[in-house]
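Inside the fold
The residues making up each chain are set out below.
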Amino acid sequence: MRVFFQKRIIISDGNSPISNGVTIIALLVIFLCTNTLAFAQSIIIKGQFWGSVMHGDDPPIGRSSFETTLGYIPMLSLARDLSNDRFVDLEWGYRMGKVYAGDYAISNTEEPYRLWLRYSSDQIEARLGLQKIAFGPAMVLRSLAWFDTIDPKDPTGQTDAVEAFRLRVFPTSSLALWLWSINNDQDTLSYGGRAELSTSIGEWGLTYHQDPAEMGQNVGQFPIFISGPHQRAAVDYRYDGYFGFWFEGAGIFADSKQDVELNRFTLFTLGADYTIPIGSGLLIMAETMKINGSSTVANSTSEQTYTALMASLPINMLHQLMFITQIDWDNSHIYNYLRWGVTYDHFSLNFILSISPKRSDYDIAKEDLPKTIAGFGTGLQFTLIYNH
């Protein structure tokens, strides 16, 4: 069973993991030692502020039906050219935010958002630190959302990052090779790679990742829990022509031998889009995902099927309408999301209507459901975003 949330709330006690602190110190030392900070040819200070007010008709027991969110991410970017085709740059960002239910703060976020150092040339890119790693052509039902939290329903466009070293090599204009090593909160290193090939019939991707972590974890944005060390393998494809077409197929194979857990998962996403010549162009998109789970030591299986439909219409240079509906076929749940966005200069105003199942529609005790109004019942939300 899956609950689709209309916004993401991160709860933090304000203490960053030790590994993040080590990375911060190491990156700053390296950057200072190369004198890039003192002689940077480009220094950019930017940031994103967001504030939202949401009303829901199905709040948790004892909670207000209004929630207010305030947040800010300051960002600093430094860059220096080394030669005609080589440069180094650094990006730092820190996320701060609070969520209030009525007059009471229910969550607080204070955490590093980005901190990476990158070396780039025509044929190589090496990046170290807290960074975004995302790939795959799917838009909503993403089988390959292994290391990110990208959500098209989030008007801020934010995504979580991972502490990693990522290397990308471009042997030819049609081939890209990725290698990465990722450090988790338990200071366990996982590693993997990806190959991307551009051909006349489409874009292909082949991905592999191995995680030796003993602690169980959720993989991706869907209810897949893996216990212990595991491997992931995937293939994806996208075609852009008269219409767009793509698929993502992934397998997750755990070493766990516990007979109470599923230790094999396959995920498959199939999608297509087309632009109808109405106004500035009405983009319509459909995706379907199927998740199968099984166990190699017990006679247990699971099967889940989801569908997403999206329509997006830019009305003019300022206004845009977006509608997304997601269907959980196995639990007969439908999630609807409608957003009217107005963008002017550095400001973005978003009016959002969401209609989701109520708390009573889930076969889960109400006290075990998230203590937020987002994602339950009918919600009205206004979000203001300022990018500078």
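So, how was this worked out
All residue numbers here refer to positions counted from 1 along the written sequence of the relevant chain. For this predicted model, a pLDDT threshold of at least 70 governs which residues receive local features, and a threshold of 80 or more governs which side-chain atom pairs are given and counted, while totals over whole chains, interfaces and linings are taken from all residues. For the side-chain quantities, the full set of heavy atoms in the structure was used; hydrogens and water were omitted. Numbering of helices and strands starts at the N terminus; helices are DSSP runs of H or I of at least 4 residues and strands are runs of E of at least 2. Pairs of N or O atoms are called polar contacts if they sit within 3.5 Å, as long as, within protein, a hydrogen donor faces a hydrogen acceptor (for residues adjacent in sequence, only side-chain-to-side-chain pairs). In what follows, a contact means two residues having at least one pair of non-hydrogen atoms within 4.5 Å. By definition, a salt bridge exists where a carboxyl oxygen of Asp or Glu is found within 4 Å of a side-chain nitrogen of Lys or Arg. We call a residue buried when its accessible area falls under 20% of the maximum for its residue type, exposed when it is over 50%, and partly exposed in between, using a 1.4 Å probe and counting protein chains only. Working definition of a nonpolar core: buried Ala, Val, Leu, Ile, Met, Phe, Trp, Tyr and Cys residues. They are joined through side-chain atoms within 4.5 Å. Like-charged residues within 9 Å of one another, or nonpolar side chains (Val, Leu, Ile, Met, Phe, Trp, Tyr) within 5 Å, are grouped into patches, provided each residue has over 30% relative accessible area and no salt bridge. Throughout, the Shrake-Rupley method with a 1.4 Å probe supplies accessible areas, and for residues the shown protein chains are the sole cover considered. What pLDDT conveys is the predictor's confidence in a given residue, as a value from 0 to 100. Two kinds of site are reported from a 1 Å grid over the protein atoms alone, namely cavities, where a 1.4 Å probe fits but cannot get out, and pockets, open sets with protein on both sides within 12 Å along at least five of seven lines, and residues are called lining when an atom falls within 4 Å of a point. Grid points are joined across faces, edges and corners, and a volume is the space filled by probe spheres set on the points. Charged residues are taken to be Asp, Glu, Lys and Arg, nonpolar residues to be Ala, Val, Leu, Ile, Met, Phe, Trp, Tyr, Cys and Pro, and polar residues to be all remaining types, Gly included. Side-chain rings of Phe, Tyr and Trp, where Trp is taken by its six-membered ring, are said to pair if the distance between their centres is within 6.5 Å; with planes under 30 degrees apart they count as stacked, over 60 as edge-to-face, and otherwise as tilted. Cation placement over rings: the criterion is NZ of Lys or CZ of Arg within 6 Å of the ring centroid and within 35° of the ring normal.

Another point: the side chain of Thr 269. The residue Thr 269 is located in strand S14 (residues 264-276) in this model. Within polar-contact distance, the side chain of Thr 269 engages the backbone oxygen of Leu 141 at 3.0 Å. For Thr 269, the side chain forms a polar contact with the side chain of Ser 143, separated by 2.7 Å. With sequence-adjacent residues up to four places away left out, Thr 269 is seen in contact with Ala 138, Leu 141, Ser 143, Trp 246, Phe 247, Glu 248, Glu 287, Thr 288 and Met 289.

Taken as a whole, this structure holds 15 salt bridges when the rule is applied. For Arg 118, the salt bridge is made with Asp 89, and the minimal N-O distance between the two is 2.6 Å. Pair noted here: Arg 118 is in strand S4 (residues 104-120) and Asp 89 is in strand S3 (residues 87-101), with a separation of 29 residues, a long-range link. Classification of Asp 89 by relative accessible area gives buried; the value is 9%.

Below, the discussion takes up the nonpolar core. Of all hydrophobic cores here, the largest spans 35 residues; its most connected members are Ile 133, Phe 135, Trp 146, Phe 147, Ile 224 and Ile 291. For this core, the secondary-structure elements that each account for two or more residues are strand S6 (162-172), strand S7 (175-183), strand S13 (244-254), S14, strand S15 (282-294), strand S16 (301-314) and strand S17 (319-328). Discounting residues that sit within four places of it in the chain, Trp 146 has contacts with Phe 135, Thr 207, His 209, Val 219, Arg 232, Ala 233, Ala 234 and Ala 250. Counting 5 residues, the second-largest nonpolar core is a separate cluster that includes Trp 50, Met 75, Tyr 113 and Ile 385.

Moving on, we come to a nonpolar patch on the surface. Together, Ile 315, Leu 321, Phe 323, Leu 338, Trp 340, Phe 347, Leu 349, Phe 351, Leu 353, Ile 355, Leu 380 and Phe 382 make up a nonpolar patch on the protein surface, roughly 980 Å² of accessible area in all. Mapped onto the nonpolar patch, the elements with two or more residues apiece are S17, strand S18 (333-344), strand S19 (347-355) and strand S20 (378-387). By the secondary structure assignment, Phe 347 is in strand S19. Taking relative accessible area as the criterion, Phe 347 reaches 39% and is therefore assigned partly exposed.

Right, let's talk about the environment of Thr 288 for a bit. By the element assignment, Thr 288 lies in strand S15. A residue is classified by how much of its surface remains accessible, and Thr 288, at 35% relative accessible area, is partly exposed. Remark: the alpha-carbon pair of Thr 288 and Ile 327, spanning 39 residues in sequence, is separated by 9.3 Å. A polar contact is formed between the side chain of Thr 288 and the side chain of Thr 307, at a distance of 3.4 Å.

With that settled, consider the confidence of the model for the protein chain. Per-residue confidence for the protein chain averages 89 on the pLDDT scale, and 89% of its residues sit at or above 70. The least confident element of the protein chain, judged by mean pLDDT, is helix H1 (residues 18-33) at 52; the most confident is S20 at 98. Contacts from residues 1-18, a stretch scored under 50 in pLDDT, to residues over four places away or in other chains number 66 contacts.

Evaluated as defined, the whole model comprises 3 cavities of 30 Å³ or more. The residue makeup of the lining of the second largest cavity, split by class, is 7 nonpolar, 3 polar and 1 charged.

Turning our attention to the packing of aromatic side chains. Inspection of every chain in the model, using the stated rule, returns 18 aromatic pairs. With a centroid separation of 6.0 Å and 90° between ring planes, the pair formed by Phe 135 and Trp 146 is classed as edge-to-face. Taken together, the positions of Phe 135 in the loop between strand S5 (124-131) and S6 and Trp 146 in the loop between S5 and S6 put the pair 11 residues apart, joining distant regions of the chain. For Phe 135, a relative accessible area of 5% puts it in the buried group. By way of ring pairs, the aromatic residues Phe 135, Trp 146, Phe 147, Trp 178 and Trp 180 are connected into one cluster. One Lys or Arg, Arg 127, reaches over the ring of Trp 116 and ends 5.2 Å from the middle of that ring. The ring of Trp 178 carries Arg 168 above its face, with NZ or CZ at 5.2 Å from the centroid.

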